[in-house]
Structure formats: structure tokens, C-alpha cells
Amino acid sequence: MTRVLFVCHSNAVCSPIAEALLKHLAADRYQVMSAGIQPTEIEPRALDALQRLGVGTEGLFSKGLDAVEEQYFDIVISLCEQAEQVARTIPASQLMAWHFDGACCDSPQLAAKVVHEIFERIKLLVLVQDRQVKSLW
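Parameters at a glance
- Residues numbered from 1 in each chain as written.
- Predicted model: local features only at pLDDT ≥ 70, side-chain atom pairs only at ≥ 80, totals over all residues.
- Heavy atoms only, no water.
- Salt bridge = Lys/Arg side-chain N within 4 Å of Asp/Glu carboxyl O.
- Helix = DSSP H or I, 4+ residues; strand = E, 2+ residues; numbered from the N terminus.
- Buried < 20%, exposed > 50% of the residue type's maximum accessible area, 1.4 Å probe, protein only.
- Expected span 1.5 Å × (residues − 1).
- Phe/Tyr/Trp six-rings, centres within 6.5 Å; stacked < 30°, edge-to-face > 60°.
- Lys NZ or Arg CZ within 6 Å of the ring centre and 35° of its normal.
- Core = buried A, V, L, I, M, F, W, Y, C linked by side-chain atoms within 4.5 Å.
- Contact = heavy atoms within 4.5 Å.
- Pairing = 2+ DSSP bridges.
- Axes fitted to C-alpha atoms, helices over the stretch in contact; angles between N-to-C directions.
- Arc of directions from axis to C-beta.

A separate point is the pattern of salt bridges. Under the criterion given, the structure shown has seven salt bridges. The closest approach of N and O atoms between Glu84 and Arg88, which form a salt bridge, is 2.7 Å. Taken together, the shared-partner salt bridges connect Glu19, Lys23 and Lys63 into one network.

Attention shifts here to unusual backbone geometry. Of note, Asn11 is a non-glycine position whose phi angle comes to about 55°, a positive value. Mapped onto the elements, Asn11 comes out in the loop between strand E1 (2-8) and helix H1 (14-26). Owing to a relative accessible area of 0%, Asn11 belongs among the buried residues under this scheme.

What follows concerns H1. The terminal C-alpha atoms of H1, which comprises 13 residues, lie 18 Å apart, in line with the 18 Å expected from a rise of 1.5 Å per residue. Across the 13 residues that make up H1, a large majority, ten, are buried.

According to the stated counting rule, one finds one aromatic pair in the structure shown. Ring centres 6.1 Å apart and planes at 50° place the aromatic pair Phe6 and Trp98 in the tilted group. Linking Phe6 in strand E1 with Trp98 in the loop between strand E4 (92-97) and helix H4 (108-133), this pair joins segments that are 92 residues apart in sequence. The exposure class assigned to Phe6 is buried, which follows from its relative accessible area of 0%. According to the relative accessible area criterion, Trp98 is buried, its value standing at 9%. In this arrangement the basic side chain of Arg3 is found over the ring face of Phe73, its NZ or CZ atom lying 4.6 Å from the centre.

The next thing to look at is the nonpolar core. Residues Phe6 and Leu22 are the most contacted members of the largest nonpolar core, which totals 45 residues. The residues touching Phe6, leaving out its near neighbours within four places in the chain, are Ser15, Ala18, Glu19, Leu22, Val32, Met33, Ser34, Ala35, Ile77, Leu79, Trp98 and Ile122.

A separate point is the sheet that holds strand E2 (residues 30-36). Ordered in space as E2-E1-E3-E4, the four strands form an open sheet in which the pairing is parallel. Because the sheet does not close on itself, it has two edges, and the strands there are E2 and E4. Neighbouring strand axes in the sheet, compared pairwise and without regard to direction, differ in orientation by 20° on average. Pairing between E1 and strand E3 (residues 73-78): four bridges, direction parallel.

Before going further, it helps to examine helix H2 (residues 44-52). Along H2, the residues classified as buried are Ala46, Ala49 and Leu50. Taken down its axis, H2 places every buried residue within 100° of arc, on the same side. Within two residues after H2, Gly54 carries a phi angle of roughly 80°, on the positive side.

Below you can see the structure in the form of C-alpha cells.
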């Protein structure tokens, strides 16, 4: 099982959205967590946008980096510029930077847009990772 960690500043919008989407799409192949540098509560509109798409949010809560201390991940993905330097210090085989700086959920429409943008990258991640695992010959 591939272990993935999403990291952002507050673990309130992008990283919990990414965690929920990857779990929704491929929980059978990925163990997924998210964490933030300075965690705050998850934005309720982000949760609503996920739920409107049928994505489960049970057990989703904001966590700090202390929740992932001394853990190894196959992939660490920073979701904002502020988190990239910290993400580099987390033991992992691969680091990716998907910056969604300024992503906000000030309205249901903006929250849906953020969810959609992150979901597009999640689908691409799964596609690429699955191709690397499966032999073409």
C-alpha cells in the first residue's frame, strides 16, 4: 500500500480535501493522511463541497505535523508554498509540490472549485502511480 501525506499551512482546506478525495478514489491502494504546520478547524464549506459529491468526511479532522512524526511516506505532497520547506523534512521517497496558494472556501461555489481542482490532480496522481506499478509488458 502506498503511503501519502498531504501538507499545507493550516490543514483546514486543501490538505483535508486531498486526503478525503484520495481515500474516496483509491482507499484500497493508498494509506492517506494530511497535516498542517499550524492546524486549525477544517473549513465547513470544504466539508459541504465534498459531501455534495458523495465523498465521505467521517473521521476527517485537522492535524498538526506532530501526528506524523517519525513516520515514513512514499509520497509527500505540499499544497501551499508555506508548507514546501517543511514537507522536504518529512521522510519520503518522493516529494511533490501542488501549490494552491490563496485557495479559499468563502462561498459554496469557491469551495466546489477548490475541490474540483484538487480532484483533477488526485486523479492524475492515481493514474501515474498505477502505471508505474503495473508492467506494460
